[in-house]
Amino acid sequence: MEWRETSAELERARDEQALWMPGPHGALSAILTPPAPAAPAAGLCVLMPTRTRWRPGRMPVKAARSLAARGFICVRLDCHGHGQSAGEAPISGRDYVSGEDVVAAIRHLREHLGFRRFVIAGYCSDALAGLAAFAAEGDAIIAFVSLAAPVLRVPESGWDQKYVLDAIRDRDKLRRYLKFPRGWTGKLASAGRALARSALGTTNRCPARFAAGFEFQALVRSGARALFIFGREDLYYWEFQSVAHELLAPLSPRSRRLIEVEVWPGRAHVAGDVRLEQALYERAIKWIAALHPALDDRFTAIEDRSAAASAPAASEPR
Amino acid sequence: MTGNAHLALDLSEQPLWFDSHGDVPLYGVFHRAHNRPRARTVALFCHSLGLDHLVTWRMEVLAARALAARGYPAFSYHARGHGDSAGSFADVTFQTLVEDALAASEQARRMAGASEIVWIATRFGALVATAALRRRTDTAGLALWEPVHRGVDHFHALMRRRLFFEVANRYRPSLTVDEMVSQLAREGELPLAAEWLHDRLYRSTLTADLARSMEDWRGPTMLAQVQKRQAWSNDNAALLAALRDAGAPVTAVAIVEQPTWENPAEPWWTSPRLGEETIGWLDGMA
């Protein structure tokens, strides 16, 4: 069922304000949703970088108003070249994301509106734009939500000999390929290249392997909490699996507890699947809402990163 | 007005909220004319629905800026349940779309201090704009960007698009178009590719027809066909002929291009030529 606006969300809509912020490619356009005056203030600004502020399915609009009704400040940002922001539209994806726009927005919101602590949430490449901001502004970001985002720069770089051989032995996977053979020539070529070269393995730490903006180490250094959502059948999840050990194994128990990875059955990334996109944002709203200091017993002092360090283990996948 | 822009870097572009019927705050953007303001008219953009709205919003923004730079004030808005406006899409009907267009026209005229409106309507917005302008006497011109000719055709095309979407994404297509219509009536809503469809909206647009809506229209008209084909579509050709027969001054523009109407993964499209042709048409009217 498509989301319906609640009266509390309508009230937040009434208070929204347009913002113009200087960005590296010209003025950035954003909408600020102030927190409900009657709600206990969360003291957190939820910043959502988007390529058009209501994509997908007006869910960033719903999320902003829903969270603002619970005491969060929310800002949905048009990345440059999109919506009303200045600049040429880049082709965002694995090679380029608009992380500098997110950094510019954080700095503007801090300097001009006094916002100090941020939660960044994004879908697909927009999540990578948010993750990219950790390199420059990690200290200001206390939490991050990645909804179905790519991990590797070249998808097939996650395919090594073992991956291909495992896939060939996986009858379910083979059956799916035969049933829906879209792109099979490309996949066959990728598999051939993976089998021909020596195993890429998980020891290759060349950061160029990762999608643009995938600043995972900066995220870890920041001490921020993070939620990554993948679908079990997503290419993005296969990418994540191929580097999961490399990313997660070196983490201290404290850092590991701060990174939640939810793996949904089926797929989580199908651009245009309105039910799936709505479910992703509803999960993000719930997760972010739980960061509210008044609600989260585990993180009563979000300002105090050491308090976060004593948090219990990450939640189980859905 | 229920809210104001602040921190605007460029004061010529003013985002704002204004009330429509039923006290629903709608998002709008007023583009003040630069240089030599032609204050008599204001250009009002009337958007399409769902994925179309997303695909063409940037084009509207760029065209409004170009118009303002040329001396024409311009106004864009989001109808209720759309974009940054308030409201649920489930509550949208053809009547509310027309009400919101009328509220936007009042807001546009007030902000520009204009006495006339030039409607620039995109896709489904053509049906809305022509229904709205029948209730006004201040329309100076009408530009139609790749207009939808019949509401029912549009929604059935969206249902067919869902079938393509399902195949392309390795979903098993589960319903025919007829079955989708039945499901819509039974359940009240239907997920499509990158948008929902609600029975209230579907039923309220069953009789929406562009040619019938324009039967009495004799004003300056621009029709821009944006399609991959070179030839005029039957509907566009018939509309052009009817307008010419009725004595309306008509400018026909064919842009041979396929916008990403059907690609939810890259839902952005702009056409410098469409903007230039629209400005040229407005200049010709002045």
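A short tour of the structure in this document, coming up.

Here's the deal with the packing of helix 1 (residues 7-14) of chain A against helix 2 (residues 59-69) of chain A
Residue and element names in this part refer to chain A. Close contact between helix 1 and helix 2 brings their axes to 8 Å; oriented N to C, the two are set at 100°. The angle between helix 1 and helix 2 falls in the class roughly perpendicular. Side by side, helix 1 and helix 2 meet where A8, E9, R12 and A13 of the first sit next to K62, R65, S66, A68 and A69 of the second. For the contact of helix 1 with helix 2, the per-class residue count stands at four nonpolar, one polar and four charged.

A closer look at the pairing of strand 4 (residues 41-46) of chain B
Residues and elements named next belong to chain B. For strand 4, the tally of buried residues reaches six of six residues, placing the bulk of the element in the interior. Side-chain alternation along strand 4 places T41, A43 and F45 on one buried face and V42, L44 and C46 on a second face that is also buried. Both strand 4 and strand 6 (residues 116-122) contribute to a ladder of six bridges, which runs parallel. Among the inter-strand pairings, V42 is bridged to a residue of strand 6, identified as I117. Taken together, strand 4, helix 1 (residues 50-69) and strand 5 (residues 74-77) form a β-α-β motif whose crossover is right-handed.

Let's talk about the environment of F240(A)
Looking at where F240(A) falls in the secondary structure, it is placed in helix 10 (residues 235-248). Expressed as a C-alpha distance, the spacing of F240(A) and A208(A), which sit 32 residues apart in the sequence, is 15 Å.

Looking at the packing of aromatic side chains
One pass over the full model with this rule turns up 16 aromatic pairs over all chains. Members of the aromatic cluster, each reached through a chain of ring pairs, are F134(A), F144(A), F210(A), F214(A), F216(A) and F228(A). The ring centre of Y171(B) lies 5.0 Å from the NZ or CZ of R267(A), which sits over that ring.

Rules of the game
- Residues numbered from 1 in each chain as written.
- Chains lettered and ligands numbered in written order.
- Predicted model: local features only at pLDDT ≥ 70, side-chain atom pairs only at ≥ 80, totals over all residues.
- Heavy atoms only, no water.
- Axes fitted to C-alpha atoms, helices over the stretch in contact; angles between N-to-C directions.
- Helix = DSSP H or I, 4+ residues; strand = E, 2+ residues; numbered from the N terminus.
- Parallel < 35°, antiparallel > 145°, perpendicular 65-115°, else oblique.
- Contact = heavy atoms within 4.5 Å.
- Nonpolar A, V, L, I, M, F, W, Y, C, P; charged D, E, K, R; others polar.
- Buried < 20%, exposed > 50% of the residue type's maximum accessible area, 1.4 Å probe, protein only.
- Pairing = 2+ DSSP bridges.
- Right-handed = clockwise from strand over helix to strand, strands pointing away.
- Phe/Tyr/Trp six-rings, centres within 6.5 Å; stacked < 30°, edge-to-face > 60°.
- Lys NZ or Arg CZ within 6 Å of the ring centre and 35° of its normal.

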